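# Geometric and topological summary
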Amino acid sequence: MKWKKLSSKIVYKNQWLRLREDTVIRPDGKKGKYGIVERPPANFVIALDQKGLIFFIKEYRYPIKKTIMQLPAGTTDKNKSSLTSAKKELFEETGLKAKSWQKLGQFYIGPGHENIYANVFLATKINISKLNKSTPSGDELILKVIKLPIAKIKKLISSNRIECGITLAALNLYFSKKKK
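The structure contained in this document is the topic of the report that follows. Everything numeric in this text was worked out from a predicted model, so none of it was measured. (Residues numbered from 1 in each chain as written. Predicted model: local features only at pLDDT ≥ 70, side-chain atom pairs only at ≥ 80, totals over all residues. Heavy atoms only, no water.)

### Remarks on a positive patch on the surface
- Residues K58, K144, K152, K155 and R161 make up a contiguous surface patch of positive charge.
- Along the polypeptide, K155 turns up in helix α2 (residues 150–158).
- A relative accessible area of 59% means that K155 is categorised as exposed. (Patch = residues over 30% accessible without salt bridge, like charges linked within 9 Å, V, L, I, M, F, W, Y side chains within 5 Å. Areas by Shrake-Rupley, 256 points an atom, 1.4 Å probe, with all protein chains shown as cover. Salt bridge = Lys/Arg side-chain N within 4 Å of Asp/Glu carboxyl O. Lys, Arg positive; Asp, Glu negative; His and termini not counted. Charge placed at Lys NZ, Arg CZ, Asp CG, Glu CD. Helix = DSSP H or I, 4+ residues; strand = E, 2+ residues; numbered from the N terminus. Buried < 20%, exposed > 50% of the residue type's maximum accessible area, 1.4 Å probe, protein only.)

Structure below.
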C-alpha cells in the first residue's frame, strides 16, 4: 500500500519557509497527519584556493545558541538558478569570487520531514581581493572567514568539531569525488 494525500494546508509561512500539514492515509491504512517543511534548495560552496585550502565561515546560529564552522551557503533565490545563488552567497558571506564552478552533486537534507535538498558546488580559481569585505544580511552573524588544509579538516571532522551536518555531507561528496 502507498501513502494517499486527502488534503493539504499551509499552517505557517514566512519569507524563508512554509510548514505544510497533509491529511493522509498511511501505508497501514490509518488516517493521519504529516507535517512537511518546504524551502527552496540550499547551495553549499566548497571554495578551494590554489594551495588546496578550503574556506569556511564561523557563524553564530541562533537555534543552537552557539558559533559553528560551516561552508558558505544559502538558499536559491526566487527566479534565479542555484549556481547564480551560490555565487551570490559565496561573495556575501566571504567576499570571495571564483572563476571556475563545478556542481559536485545534490542530496536531500531531511527527507522524513522536509522536501529541501542541497546543491554542492566546487568553486576554484578564487579571487581573494575582497576577502572579508562581504555584506551579510541582518539575520546572519558571520564572525570570521578561515581557510584550512584538507588534513586539518579531516582532523576537525574526526574530533566532532565540524558540527553542521550539511557541511559534513558536502565535504564527504567532495572527498569521494576527489579520490576518483
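### Points about the nonpolar core
- Core analysis: the largest hydrophobic core is formed by 27 residues, its most contacted members being I46, I54, F56, L171 and Y174.
- Among the elements of the structure, β4 (42–47), β5 (53–61), β6 (66–70), β9 (117–127), β10 (142–149), α2 and α3 (165–179) are those that each provide at least two residues to this core.
- Element by element, the count of residues in this core is highest for α3, at six residues.
- When residues no more than four places from it in sequence are discounted, the contact partners of Y174 are I46, L48, I54, L104, L122 and I150. (Core = buried A, V, L, I, M, F, W, Y, C linked by side-chain atoms within 4.5 Å. Contact = heavy atoms within 4.5 Å.)

### What to know about the environment of A86
- Looking at the secondary structure, you find A86 in helix α1 (residues 82–94).
- Since its relative accessible area comes to 0%, A86 is described here as buried.
- Sequence-wise, A86 and Y117 are 31 residues apart; in three dimensions their C-alpha atoms are separated by 14 Å.
- Contact partners of A86, with chain neighbours within four places excluded, come to N43, V45, W101 and F121.

### Looking at α2
- Within the span of α2, buried status applies to I150, I153 and L156. Around the axis of α2, the buried residues are gathered within 120° of arc, so they sit on the same side. Relative to its buried face, α2 has exposed residues pointing more than 90 degrees away, namely A151, K155 and S158.
- Among the structural elements, β5, β6, β10 and α3 are those in contact with the buried residues of α2.
- One or two positions beyond α2, positive phi appears at N160, with a value near 60°. (Arc of directions from axis to C-beta.)

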